[in-house]
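Residues per chain are reported as follows:
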Amino acid sequence: MKFKNSFLLTAFSAIIFFSGCSKELEEYNKPAIYWYGKIVKNISQGDLEKADNYYSSLQGEHIGSPLLPEATMILAIAHMHDEEYLLSEHFLNEYIKRYATANEKEDAEFLKIKAKYLALPNPRRDQALIADAIREAQKFKHNYPDSMYYNVVDTMQTHLYMAEAALNETIADLYARLDKPKSAQYYRTLKPQPWINWNEVDRANSPWYREWFEGDGTESWYAFMVPDTRSVVSRNSIVNDSLTQKAPAKEITETKKTLSKFQQDELDKAQDLKDKGIITEDEFNALRDKILEL
């Protein structure tokens, strides 16, 4: 009798399990409002992965549904609220490419920049993402000069410039510790905007719990264990101390030639094109070299 009861209980559990699975598998060929309701329900319950799956069903079965644009934007905002910024950007790109009108595109582009900005909690983490966010912000300001979001985007871009400068300073410190003075000097000369007074910009402070492991950005916490010796593999290592002596004043004067008004005007124009994102950093450097040769 006991064996019979346990067998019946096992069979009953198996039926419930497989019926539940079949119910999940049989969810297809539903109206668009059904999938939309499932998306909203799972977002409200915090299950964004399931909501994404239901969005795929809505998009696959009802590609022309008027509910798709709204569902796309809802998922973009939901992922941003859940700090899943790459997924948020994915849905915003989808919205801009497929559904946005001229006015809606401006809002979506702003949210896209906001997602990139919020994805950078630590300015010493992702050099490429910082540069990409700066380009997107500059493009937005160029395309929407009268936007209600202009000042917000401009503020975010200024913060990104300072984050980029802090990252370059950190890289320069690293090269200095590796005995690569030329590389360190290169990164210290990369100041993105001349209108920022960089002497008044303080380095971002790391929280105490993170500083234990990564230092404060100027040195490593384990620096006291590393011998104070010169690198034996660096091409930029200073081998001869005589090379570090200061050059004569005459040579320094000759290297600091004053630019003509024409050269200065052309450099300003090139800088303006670079700031607007019309030319890349490499194109700007090539153009600058040509102007200096005039």
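All figures in this text were calculated on a predicted structure; none of them were measured in a lab.

Let's shift gears to helix 2 (residues 32-44). Under the 1.5 Å per step criterion, the end-to-end length of helix 2 is 19 Å for 13 residues, consistent within 8% with the ideal 18 Å. Buried residues of helix 2: Ala32, Trp35, Tyr36, Ile39, Asn42 and Ile43, and no others. Taken around the axis of helix 2, the buried residues stretch over an arc of 135°, which confines them to a single face. Turned more than 90 degrees away from the buried face of helix 2, the exposed residues are Ile33 and Ser44. Along its buried surface, helix 2 packs onto helix 3 (48-61) and helix 4 (67-81). Taken from the residues just after helix 2, Gly46 is the one with a positive phi, measuring 80°.

A few words now on the nonpolar core. One finds Ile39, Tyr55 and Val153 to be the most contacted residues of the largest nonpolar core, which totals 35 residues. For this core, the elements supplying multiple residues, two or more each, are helix 2, helix 3, helix 4, helix 5 (85-98), helix 6 (102-118), helix 7 (127-143) and helix 8 (150-177). If you tally residues by element for this core, the top one is helix 4, at 8 residues. The contacts of Tyr55, once residues within four sequence positions are left out, are Ile39, Leu68, Ala71, Thr72, Leu75, Phe91, Glu94 and Tyr99. The next biggest cluster of nonpolar side chains, apart from the first, holds 13 residues, and it includes Ile134, Tyr161, Ile171 and Tyr187.

Looking now at the side chain of Gln157. Take Gln157: it is sitting in helix 8. Of the residues examined, Gln157 reaches a relative accessible area of 2% and is grouped as buried. Aside from chain neighbours lying at most four places away, what touches Gln157 is Ile134, Ala137, Gln138 and Lys141.

The next subject is the confidence of the model for the protein chain. Per-chain confidence: the protein chain averages 75 in pLDDT, with 65% of residues scoring 70 or above. For the protein chain, helix 11 (residues 249-255) is the element with the lowest average pLDDT, namely 41, and helix 4 is the one with the highest, namely 94. Confidence drops under a pLDDT of 50 for residues 230-256, and excluding neighbours within four residues, the segment shows 20 contacts in the predicted structure.

Think of a pair of aromatic rings as described by two things: how far the centres are apart, and how the planes are tilted against each other in angle. Across all of its chains, the model carries 8 aromatic pairs by this definition. Judged by centre distance (4.9 Å) and plane angle (45°), the rings of Phe140 and Tyr144 are tilted. On the accessibility criterion, Phe140 (2% relative accessible area) is buried. For the ring pair Tyr175 and Tyr187, a centre distance of 5.9 Å and an interplane angle of 25° mean the geometry is stacked. Of the two residues, Tyr175 is situated in helix 8 and Tyr187 in helix 9 (residues 181-188); the sequence distance between them amounts to 12 residues. Between Lys30 and the ring centre of Tyr34, over which it is positioned, the NZ or CZ distance is 5.2 Å.

Cut-offs and rules
- Residues numbered from 1 in each chain as written.
- Predicted model: local features only at pLDDT ≥ 70, side-chain atom pairs only at ≥ 80, totals over all residues.
- Heavy atoms only, no water.
- Helix = DSSP H or I, 4+ residues; strand = E, 2+ residues; numbered from the N terminus.
- Expected span 1.5 Å × (residues − 1).
- Buried < 20%, exposed > 50% of the residue type's maximum accessible area, 1.4 Å probe, protein only.
- Arc of directions from axis to C-beta.
- Contact = heavy atoms within 4.5 Å.
- Core = buried A, V, L, I, M, F, W, Y, C linked by side-chain atoms within 4.5 Å.
- pLDDT = per-residue confidence, 0-100.
- Phe/Tyr/Trp six-rings, centres within 6.5 Å; stacked < 30°, edge-to-face > 60°.
- Lys NZ or Arg CZ within 6 Å of the ring centre and 35° of its normal.

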